[in-house]
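These are the residues of each chain, in order.
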Amino acid sequence: SIPQVETKETKKIKTFVHNDVRDRIRDIGDMLGFNATVEKKVADGAVVDAVWEARIGNMGRVIYVFEVQTSGSIDSLILNLMKAKSNAAVQGIVAVSDTNQLEKIKKEVASLKDIKDCIKYWDYNDVLNTYDSLTSAFESINNLNLVPEGL
């Protein structure tokens, strides 16, 4: 097989896809009522792609962490998720990528007892479909005009 050389254009496309998926994850979190952000530090040395956070009264926070992988080091993604998991408020860690990358991540994580049972996997196509479905549902509900203007 011929090795593929990444051009600047290819890297731009991958960055765009990465950022688009990351932003859709944030938007889904917003639609579900979470305080959702991107590029957030959740533990020492762990800045993750997207975070969904909820406050539970005065009892604390619940955080869900998402790392999007388009290419590059799977080890970096795994290390970032492991560091994020060290924060007691982090209740879920999710790797987001395409089918091939997710299989590679699963193989790498299989021997890591610290996170192998708690990491979740989300295909980026499902992320985009979920975003589209939620957007459509919210538009449909908003078209009912149940909330008077100005409220």
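The text that follows walks through the structure, step by step, so that each part is easy to find. Predicted, not measured: the structure shown is a model, and the values here were computed from it. (Residues numbered from 1 in each chain as written. Predicted model: local features only at pLDDT ≥ 70, side-chain atom pairs only at ≥ 80, totals over all residues. Heavy atoms only, no water.)

**Here's the deal with the sheet that holds strand β2 (residues 46–56)**
Then step 1. Taking strand neighbours across the sheet as the criterion, the five strands line up as β1-β2-β3-β4-β5 in an open arrangement whose pairing is mixed. Every interior strand has two partners, whereas the edge strands, β1 (35–43) and β5 (119–123), have only one. Geometrically, the sheet is characterised by an average inter-axis angle of 35° between neighbouring strands, direction not taken into account.
Then step 2. Two elements, β1 and β2, share seven bridges in a ladder whose sense is antiparallel. The residue of β2 that forms the bridge with K41 is V47.
Then step 3. Here helix α2 (residues 74–85) sits on the sheet in contact with β1, β2, β3 (60–68), β4 (90–97) and β5, set at roughly 165° to β4.
Then step 4. Of the strands in this sheet, β4 and β5 are in contact with helix α3 (residues 99–109), which crosses β5 at around 170°. (Pairing = 2+ DSSP bridges. Helix = DSSP H or I, 4+ residues; strand = E, 2+ residues; numbered from the N terminus. Axes fitted to C-alpha atoms, helices over the stretch in contact; angles between N-to-C directions. Contact = heavy atoms within 4.5 Å.)

**Digging into the layout of surface pockets**
Then step 1. Space inside the largest pocket adds up to approximately 150 Å³.
Then step 2. V17, Q69, T70, D98 and Y124 are the residues nearest the centre of the largest pocket, which is lined by 10 residues in total.
Then step 3. When residues of the lining of the largest pocket are traced back to their parent elements, those giving at least two are α1 (8–31) and β4.
Then step 4. At three residues, α1 tops the list of elements feeding residues into the lining of the largest pocket.
Then step 5. Residues that form the lining of the largest pocket fall into these classes: five nonpolar, three polar and two charged. (1 Å grid on protein atoms, 1.4 Å probe; cavity = no way out; pocket = protein on both sides within 12 Å on 5 of 7 lines; lining within 4 Å. Points joined across faces, edges and corners; volume = space filled by probe spheres on them. Nonpolar A, V, L, I, M, F, W, Y, C, P; charged D, E, K, R; others polar.)

**Some words on the nonpolar core**
Then step 1. Formed by 21 residues in total, the largest nonpolar core has its most connected members in V42, V65, L81, I93, A95, I105 and I119.
Then step 2. When contributions to this core are tallied by element, the ones reaching two or more residues are β1, β2, β3, α2, β4 and α3.
Then step 3. Considering each element in turn, this core owes the most residues, five residues, to α2.
Then step 4. Excluding residues within four positions of it along the chain, I119 makes contact with L81, I93, A95, I105 and V109.
Then step 5. If you look at the next biggest cluster of nonpolar residues, it comprises 13 residues, including A36, W52, V68 and V127. (Core = buried A, V, L, I, M, F, W, Y, C linked by side-chain atoms within 4.5 Å. Buried < 20%, exposed > 50% of the residue type's maximum accessible area, 1.4 Å probe, protein only.)

**Regarding the pattern of salt bridges**
Any two side chains of opposite charge can pair, given that their charged atoms come close.
Then step 1. Across all of its chains, the model carries 10 salt bridges by this definition.
Then step 2. Here K40 and E53 are joined by a salt bridge, their closest N and O atoms 3.2 Å apart. One end of the pair, K40, is in strand β1; the other, E53, is in strand β2, and 13 residues separate them in sequence.
Then step 3. Look at K40 and you get partly exposed, because its relative accessible area is 26%.
Then step 4. Connected through salt bridges with shared partners, the residues D20, R22, D23, R24, R26, D27 and E39 form a single ionic network. (Salt bridge = Lys/Arg side-chain N within 4 Å of Asp/Glu carboxyl O.)

**Thoughts on α2**
Then step 1. Helix length check: α2 (12 residues) gives 17 Å between terminal C-alpha atoms against 16 Å at 1.5 Å per residue, within 8%.
Then step 2. Turning to α2, its buried residues are I74, L77, I78, N80, L81 and A84. Within α2, the buried residues cover an arc of 160° as seen down the axis, which keeps them to one side.
Then step 3. Structurally, α2 contributes buried residues whose contacts are with β1, β2, β3, β4, α3 and β5. (Expected span 1.5 Å × (residues − 1). Arc of directions from axis to C-beta.)

**Section: the packing of aromatic side chains**
Then step 1. Taken as a whole and assessed by the stated rule, the structure comprises five aromatic pairs.
Then step 2. With a centroid separation of 6.4 Å and 85° between ring planes, the pair formed by W52 and W122 is classed as edge-to-face. Of the two residues, W52 is situated in strand β2 and W122 in strand β5; the sequence distance between them amounts to 70 residues.
Then step 3. The buried category is assigned to W52, whose relative accessible area is 10%.
Then step 4. On the basis of relative accessibility, which here comes to 18%, the residue W122 falls in the buried class.
Then step 5. The structure contains a cluster of three or more aromatic residues connected by ring pairs, namely F34, W52, Y64, F66 and W122.
Then step 6. It is R24 that lies over the ring of Y131; its NZ or CZ is 4.7 Å from the centre. (Phe/Tyr/Trp six-rings, centres within 6.5 Å; stacked < 30°, edge-to-face > 60°. Lys NZ or Arg CZ within 6 Å of the ring centre and 35° of its normal.)

By themselves, these observations are geometric and do not establish any function.
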